[in-house]
2 protein chains.
Amino acid sequence: MQKEQIAEAFRTLQDDICSALEKEDGKGKFREDRWEHHSGGGGRTRLIQDGNVLEKGGVNFSAVQGPVHPRLLSQMNLPQGEFLDFFATGVSIVMHPASPQVPIIHMNVRYFELSNGTCWFGGGIDLTPHYVAEDQAAYFHRELQAVCSRHHPGFYSRFKNWADDYFFLPHRNETRGIGGIFFDYLKPDHEEHGLSKQALFDFVIDVGNTFAPVYTHLMAINKNKSYTEAEKNWQYLRRGRYVEFNLVWDRGTKFGLETGGRTESILMSLPPQANWAYDFRPEEGTREADTLRMLKKGIEWV
Amino acid sequence: MQKEQIAEAFRTLQDDICSALEKEDGKGKFREDRWEHHSGGGGRTRLIQDGNVLEKGGVNFSAVQGPVHPRLLSQMNLPQGEFLDFFATGVSIVMHPASPQVPIIHMNVRYFELSNGTCWFGGGIDLTPHYVAEDQAAYFHRELQAVCSRHHPGFYSRFKNWADDYFFLPHRNETRGIGGIFFDYLKPDHEEHGLSKQALFDFVIDVGNTFAPVYTHLMAINKNKSYTEAEKNWQYLRRGRYVEFNLVWDRGTKFGLETGGRTESILMSLPPQANWAYDFRPEEGTREADTLRMLKKGIEWV
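Report on the accompanying structure. (Residues numbered from 1 in each chain as written. Chains lettered and ligands numbered in written order. Predicted model: local features only at pLDDT ≥ 70, side-chain atom pairs only at ≥ 80, totals over all residues. Heavy atoms only, no water.)

1. A look at the overall build of chain A
To keep things clear, this is the line we draw: A run of DSSP states H or I qualifies as a helix once it reaches four residues; a run of E qualifies as a strand once it reaches two. Both are numbered from the N-terminal end. Radius of gyration means the value over C-alpha atoms here, while the globule rule gives 2.2 Å times the residue count to the 0.38 power. Only protein chains enter the accessibility calculation, which uses a 1.4 Å probe. A residue is then buried if its area is under 20% of the maximum for its type, exposed if over 50%, and partly exposed in between. Working rule for contacts: check all heavy atoms of both residues, and any pair within 4.5 Å makes them a contact. Surface accessibility follows the Shrake-Rupley procedure with a 1.4 Å probe radius. Residue values consider only the protein chains on display as shielding.
If you tally the helices and strands in chain A, you get nine helices and 10 strands. Computed over C-alpha atoms, the radius of gyration of chain A comes to 19 Å, within 12% of the 19 Å expected from 2.2 N^0.38 for 302 residues, which places it in the range of a compact globule. Looking at the 302 residues of chain A, the share that counts as buried comes to 60%. Across chain A, the fraction of contacts at a sequence separation of at least 24, relative to all contacts at a separation of at least 6, is 70%. Accessible surface computed for chain A: about 12,300 Å², of which carbon and sulfur atoms make up 48%.

What follows is the structure, encoded as structure tokens:
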């Protein structure tokens, strides 16, 4: 597994996902911006806007390299004097649908390599429904459980908990959505899982390939449902929470912005419109109040 | 100068500012929420919404106390074992007007005291016009220069530069607006300024009292100007930048959210609606492009 092969597989993943999303959307087309990173490499940012289903979304591919940033050294507990190069490649996706009946989704797969020989995979998929439907949440988690189980018996439960902990807004005491899976620092031949680099790669690609069928299914079963203006307003408030998570708590976003990543690609995750209302509390017995009750860690959706 | 006197003066300032804003707005009325802090003290959060001029804004007073949070110890380079209590009081304001012709404004005055006897004042006022008008920017800075000069000959230039540095979005290479003044850690009898605690208090109260006449003047001269839908859309994008600054870079917001402050009071600074458009670049020769050119550090507005 050379880094070039991994990057190539991620590029293919980006192509496949964009095709599948365009097909299900039926109207929106991705536009592409190619860009270069200040320290080497670059990416292909793809944006879809004003589709039938997808109001704004991005599918980013990047493969960048250069000297390791001091912030990363300190995050990894490496001495600041260390001179290391890194290589990082990944695909990152966020989709904001027009309808509050269709959930927001996020997916990321990534591979990281240092010039000292260390390397690891990371990634995950998580779902943020504006209104939580328990059967859809169960479907989503079953699909993730299936892909995890094909590779390691312990992955789903460990990565499901990791997602609950990661996609959490402490200042709201809410999860971002119904979670999913999140994993990081998966190193080849580590005693925790015993998987080779090839086996980890296969897992990560399998996760990537799970995205399109799962999300296009969720688009298909929800896209024709009608909604009210009040439901659209609720969507804007939930998108406000999405903005709060991404800008205040998401380590990937913060790291990218603080180390000179391409701002427009990083902030493609933000919604086209978000609203904030002071101290908004939905009335008991409404779908909004039911949703808030389900934005908690530790729910076994399967 | 006892801490109770300072808190009382800030409470009065909050009352005076709310009255002046209601009067100029002509329709919006502040609603008040009283709240208690988990470690002691509390606050009066006042919110105005759907006024003639002010779409959403908050004027917060708080006076809280308790054991010093570990994060503050590390920010202040104090050993983590130190057992200290703090007392903090302040007034904090953000106003989002309905019209893109009226600027967003932010004001803060604060006093901080530790049980080891250390104390300091901080604060500032800064303006974020959706469209920069040079004559209004000059007026705003002249007023700030005047209040500074009444107390110390070096304050305006030092605090103006401090605001340029503080209200800056590195990931956009833009200032938040046209700046203003920002100051922190003003300690009594410090060699940098030689002012007593009373003299610093007088300065800070004078800054607080400058807010209402300056902002109501800016409301008055801009509120009846018409605007287009395109200008309203530009306002939503600029509000997006305001959100980015507050959630990614503002140390006060981050500190509050990470140490269990009252979320709804802290995030009252967020606009009612903000938009994001991928890689939006205004055409050359437009008012939008002119505004972007003036969102730079180091402009001498006076």
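2. Section: the relation of the copies chain A and chain B
For these two chain copies, the linking operation is a rotation about an axis paired with a shift along it. What counts, and what does not: The fit set for superposing copies consists of C-alpha atoms from residues with pLDDT of at least 70 in both; the fit itself is least squares.
Between chain A and chain B, the superposition needs a rotation of 180 degrees and an axial shift of 0.0 Å, giving an RMSD of 0.0 Å. In the structure described here, the two chain copies are related by an operation that fits a two-fold rotation axis. Of the interface residues in chain A, 100% have counterparts in chain B that sit at the interface too, so the contact is made through matching surfaces.

3. Focus on the interface of chain A and chain B
To be explicit about the condition: Two parts placed together each lose some accessible area; with a 1.4 Å probe, that loss summed over both constitutes the buried area. Throughout this description, the term salt bridge denotes a Lys or Arg side-chain nitrogen within 4 Å of a carboxyl oxygen of Asp or Glu. Under this definition, polar contacts are N or O atom pairs within 3.5 Å; protein pairs additionally need one hydrogen-donor-capable and one acceptor-capable atom, and for neighbouring residues in sequence, both atoms have to be side-chain atoms.
Contacts between the two partners involve 30 residues from chain A and, on the opposite side, 30 residues from chain B. The largest share of the area that chain A buries against chain B comes from Glu264, Trp276 and Tyr278 of chain A, three residues that together contribute 30% of it. Inspection of the chain A/chain B interface yields two salt bridges. For Arg172 of chain B, the salt bridge is made with Glu264 of chain A, and the minimal N-O distance between the two is 2.9 Å. Linking chain A with chain B are 14 residue pairs in polar contact (both at pLDDT 80 or more). Elements with a minimum of two residues in the side of chain A that touches chain B: strand E1 (31–36), strand E2 (41–49), helix H6 (229–249), helix H7 (251–258), helix H8 (263–266) and strand E10 (273–275) of chain A.

4. Thoughts on the packing of helix H1 (residues 3–25) of chain A against helix H5 (residues 197–222) of chain A
When two helices pack together, their arrangement is given by the angle between the helix axes and by the axis-to-axis distance. Residue and element names in this part refer to chain A. The condition is simple: Note on geometry: axes are lines fitted to C-alpha atoms, helical ones only across the stretch in contact, with angles between N-to-C directions running from 0 to 180 degrees. Working rule for angles: under 35 degrees goes down as roughly parallel, over 145 as roughly antiparallel, 65 to 115 as roughly perpendicular, anything else as oblique. Ten residues, namely Ala, Val, Leu, Ile, Met, Phe, Trp, Tyr, Cys and Pro, are considered nonpolar, four, namely Asp, Glu, Lys and Arg, are considered charged, and the remaining ones, Gly among them, are considered polar.
One way to put it is that H1 packs onto H5 with a least axis distance of 9 Å and a crossing angle of 10 degrees. The angle between H1 and H5 places the two elements in the roughly parallel class. Note on element contacts: H5 touches H1 through Lys197, Phe201, Val204, Ile205, Gly208, Asn209, Phe211, Ala212, Tyr215, Thr216, Met219 and Ala220, opposite Ile6, Ala9, Phe10, Leu13, Ile17, Ala20, Leu21, Glu24 and Asp25. When grouped by side-chain class, the residues that make up the contact of H1 with H5 number 15 nonpolar, three polar and three charged.

5. Here we look at helix H3 (residues 134–149) of chain B
Residue and element names in this part refer to chain B. Put simply, the rule is: Take the residue count of a helix, subtract one, and multiply by 1.5 Å to get its expected span.
The terminal C-alpha atoms of H3 lie 22 Å apart, and with 16 residues this matches the ideal 22 Å at 1.5 Å per residue to within 8%. Taken together, the buried positions of H3 are Gln136, Ala137, Ala138, Tyr139, Phe140, His141, Leu144, Val147 and Cys148. Residues of H3 that are buried sit in contact with strand E5 (104–114), strand E6 (119–128), helix H4 (155–166), strand E9 (179–186) and helix H5 (197–222).

6. Digging into the nonpolar core
Note the following rule: The nonpolar core is taken to be a set of buried Ala, Val, Leu, Ile, Met, Phe, Trp, Tyr and Cys residues, with the residues joined through side-chain atoms within 4.5 Å.
Core analysis: the biggest nonpolar cluster contains 58 residues, and Leu21, Met95, Phe211 and Tyr215 of chain A have the highest contact counts within it. The contacts of Phe211 of chain A, once residues within four sequence positions are left out, are Ile17, Leu21, Ile93, Ile105, Met107 and Ile125 of chain A.

7. Observations regarding empty space enclosed by the protein
All names here are of chain A. Convention followed: Using a 1 Å grid laid over the protein atoms alone, points where a 1.4 Å probe fits but cannot get out form a cavity; open sets with protein on both sides within 12 Å along at least 5 of 7 lines form a pocket; any residue with an atom within 4 Å of a point counts as lining. Grid points are joined across faces, edges and corners, and a volume is the space filled by probe spheres set on the points.
Under the counting rule described, the total for this entry stands at two cavities of 30 Å³ or more. Of the volumes computed, that of the largest cavity is approximately 40 Å³. Thr128, Leu169, Thr175, Arg176, Arg238, Arg241 and Tyr242 together form the lining of the largest cavity. If you tally residues by element for the lining of the largest cavity, the top one is H6, at three residues.

8. Looking at the packing of aromatic side chains
Residues and elements named next belong to chain B. What counts here: Here is the rule: rings of Phe, Tyr and Trp (six-membered ring for Trp) pair when centre to centre is within 6.5 Å. Planes less than 30 degrees apart are stacked, more than 60 are edge-to-face, and the remainder are tilted.
Following the criterion strictly, the structure yields 38 aromatic pairs over all chains and no others. Taking 6.1 Å as the distance between ring centres and 40 degrees as the angle between the ring planes, the aromatic pair formed by Phe159 and Phe203 counts as tilted. Taken together, the positions of Phe159 in helix H4 and Phe203 in helix H5 put the pair 44 residues apart, joining distant regions of the chain. Phe159 sits in the buried class, given a relative accessible area of 0%. On the numbers, 5.8 Å between centres and 65 degrees between planes, the contact of Trp162 with Phe182 is edge-to-face.

9. A look at the pattern of salt bridges
Residue and element names in this part refer to chain B. If you walk through the whole model with that rule in mind, you get 51 salt bridges over all chains. For Asp15, the salt bridge is made with Arg46, and the minimal N-O distance between the two is 2.9 Å. Of this pair, Asp15 sits in helix H1 (residues 3–25) while Arg46 sits in strand E2 (residues 41–49), and the two are 31 residues apart along the sequence. Put simply, Arg287 and Glu231 hold a salt bridge, and the shortest N to O gap is 3.1 Å. Taken together, the residues Arg287 in helix H9 (residues 287–293) and Glu231 in helix H6 (residues 229–249) connect sequence positions 56 residues apart.

10. Quick word on the environment of Ile93 of chain A
All names here are of chain A. Along the chain, the position of Ile93 falls in strand E4 (residues 85–97). Residue classification places Ile93 among the buried positions, given a relative accessible area of 0%. Taking C-alpha positions, Ile93 is 9.6 Å from Ile17, a pair spaced 76 residues apart along the chain. With residues up to four places along the chain from it excluded, the contact list for Ile93 reads Ile17, Gly58, Val59, Ile105, His106, Met107 and Phe211.

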